[in-house]
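# Working through the structure, step by step
Spelled out from the first residue to the last, the chains are:
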Amino acid sequence: MWYAIISEDVKDSLPLRKSARPEHLARLNSLKDQGRLLIAGPHPAIDSEDPGEAGFSGSLVVAEFSSLEEAKAWADADPFVSAGVYASVTVKPFKQVLP
């Protein structure tokens, strides 16, 4: 089943994001290589494709896991969590309707 992992950043998270980004992307690429990643990306803090120093306000990952517990465990192990990027993380089942 698909699960949405919705994360909200702490204030001024950009330096923390930059330091943990390689490990964060490696985990996402692993899901992609397994065919289990539907979409992933950050929410710019301002209305811009390149927010620059404004940074990001959070992230969205939609990926396939065998259970809600597995999705939560994967989200809890994210390098952005251990680096202090996220103030909160919510994991919910997701049903793709379109496209």
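This report concerns the structure included in the present document. (Residues numbered from 1 in each chain as written. Predicted model: local features only at pLDDT ≥ 70, side-chain atom pairs only at ≥ 80, totals over all residues. Heavy atoms only, no water.)

### Quick word on the overall build of the protein
Looking only at helices and strands, the protein has three helices and four strands in total. Counting from the amino terminus, helix and strand elements in the protein follow one another as β-α-β-β-α-α-β. For 99 residues, the compact-globule estimate of 2.2 N^0.38 gives 13 Å, and the C-alpha radius of gyration of the protein, at 13 Å, lies within 12% of that figure. Projecting the C-alpha coordinates of the protein onto the three principal axes gives extents of approximately 35 × 30 × 25 Å. Out of the 99 residues belonging to the protein, those deemed buried represent 31%. For the protein, the exposed area adds up to about 6100 Å²; of that, 55% sits on carbon and sulfur atoms. Side-chain charges in the protein split into 10 positive and 14 negative, and the spacing between the mean points of these groups amounts to 3 Å. (Helix = DSSP H or I, 4+ residues; strand = E, 2+ residues; numbered from the N terminus. Rg over C-alpha atoms; globule rule 2.2 N^0.38 Å. Buried < 20%, exposed > 50% of the residue type's maximum accessible area, 1.4 Å probe, protein only. Areas by Shrake-Rupley, 256 points an atom, 1.4 Å probe, with all protein chains shown as cover. Lys, Arg positive; Asp, Glu negative; His and termini not counted. Charge placed at Lys NZ, Arg CZ, Asp CG, Glu CD.)

### A short note on the pattern of salt bridges
Applying the stated criterion to the full structure yields three salt bridges. Between Arg27 and Asp78 there is a salt bridge, with the nearest N and O atoms lying 4.0 Å from each other. Taken together, the residues Arg27 in helix H1 (residues 14-33) and Asp78 in the loop between helix H2 (68-76) and helix H3 (79-82) connect sequence positions 51 residues apart. With a relative accessible area of 18%, Arg27 lands in the buried category. The class for Asp78 is buried, based on a relative accessible area of 5%. (Salt bridge = Lys/Arg side-chain N within 4 Å of Asp/Glu carboxyl O.)

### Quick word on the packing of aromatic side chains
Each aromatic ring pair is described using two quantities: the centre-to-centre distance and the angle formed by the ring planes. Evaluation of the coordinates by the stated rule reveals three aromatic pairs. When the ring of Tyr3 is compared with that of Phe65, the centres are 6.4 Å apart and the planes differ by 55 degrees; the resulting orientation is tilted. Taken together, the positions of Tyr3 in strand E1 (residues 2-9) and Phe65 in the loop between strand E3 (56-64) and H2 put the pair 62 residues apart, joining distant regions of the chain. Owing to a relative accessible area of 2%, Phe65 belongs among the buried residues under this scheme. The rings of Tyr3, Phe65 and Trp74 are connected pair by pair, giving a single aromatic cluster. (Phe/Tyr/Trp six-rings, centres within 6.5 Å; stacked < 30°, edge-to-face > 60°.)

### Details of the layout of surface pockets
In this model, the largest pocket occupies a volume close to 270 Å³. When contributions to the lining of the largest pocket are tallied by element, the ones reaching two or more residues are H1, strand E2 (37-44) and E3. The biggest single contributor to the lining of the largest pocket is H1, with eight residues. Split into classes, the residues belonging to the lining of the largest pocket amount to eight nonpolar, four polar and three charged. (1 Å grid on protein atoms, 1.4 Å probe; cavity = no way out; pocket = protein on both sides within 12 Å on 5 of 7 lines; lining within 4 Å. Points joined across faces, edges and corners; volume = space filled by probe spheres on them. Nonpolar A, V, L, I, M, F, W, Y, C, P; charged D, E, K, R; others polar.)

### Things to note about the nonpolar core
Judged by nonpolar contacts, Tyr3, Ile5, Leu28, Leu31, Val61, Ala63, Phe65, Ala71, Trp74, Ala75 and Val91 together constitute the single largest core of 11 residues. Counting only elements with at least two residues in this core, the list comes to E1, H1, E3 and H2. When residues in this core are grouped by element, the largest group, three residues, is from H2. If sequence neighbours within four positions are ignored, Phe65 has contacts with Met1, Tyr3, Ile5, Leu31, Arg36, Glu70, Ala71 and Trp74. (Core = buried A, V, L, I, M, F, W, Y, C linked by side-chain atoms within 4.5 Å. Contact = heavy atoms within 4.5 Å.)

### Let's talk about the sheet that holds E1
The four strands are arranged E2-E3-E1-E4 in an open sheet whose pairing can be described as antiparallel. Of all strands in the sheet, those bounded by a partner on one side alone are E2 and strand E4 (86-94). Sheet twist, expressed as the average angle between the axes of neighbouring strands with direction ignored, equals 10 degrees. As paired elements, E1 and E3 share seven bridges and run antiparallel to each other. (Pairing = 2+ DSSP bridges. Axes fitted to C-alpha atoms, helices over the stretch in contact; angles between N-to-C directions.)

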